[in-house]
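Structural characterization, general
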Amino acid sequence: MTSRHCFCSILPPHILLEIARRGSDRQRIRALSNLIQTEQFRGRRTTSAEHLFLATVISPGKKRTIYDAHHQGSLPGTVARREDDAKSKDLSVNQAYDGAGVHYDFFNKIYK
């Protein structure tokens, strides 16, 4: 029996903005579409240029914060692990933390 691992991730707005700036035409369209959709999902009905600009002014470096929604629909849930915290007893929290670091390293290397 083989096991399959599912990995889901959310790209922060500043990474999507860099893809929109530097990606191919197809990547740009998808990144901008994703930015608009996630803004609407969060209840913001319009995406202003000022908000997108502010998303790029974040200081560089990993600043991971992993949340646990405790199998509920109310987000973001409670903080389960922050940057430089000790490993959690929850394997899923550690996997999310490590996965976010791998994603950050990849996008930092490719897109700066």
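Notes on the structure in this doc start here.

Rules and cut-offs
Residues numbered from 1 in each chain as written. Predicted model: local features only at pLDDT ≥ 70, side-chain atom pairs only at ≥ 80, totals over all residues. Heavy atoms only, no water. Helix = DSSP H or I, 4+ residues; strand = E, 2+ residues; numbered from the N terminus. Contact = heavy atoms within 4.5 Å. Buried < 20%, exposed > 50% of the residue type's maximum accessible area, 1.4 Å probe, protein only.

Checked against the element boundaries, Glu18 lands in helix α1 (residues 13-22). As for Glu18 and Lys112, which are separated by 94 residues in sequence, their C-alpha atoms are 8.6 Å apart. In this structure Glu18 touches Gly23 and Tyr111, once residues within four positions along its chain are discounted.

This brings us to unusual backbone geometry. You will see that His70, though not glycine, has its phi angle at about 55°, which is positive. Counting through the fold element by element, His70 comes out in the loop between β1 (65-68) and β2 (78-82). Positioned with a positive phi, His71 is a non-glycine residue whose angle comes to about 60°. Note on His71: relative accessible area 84%, which makes it exposed.

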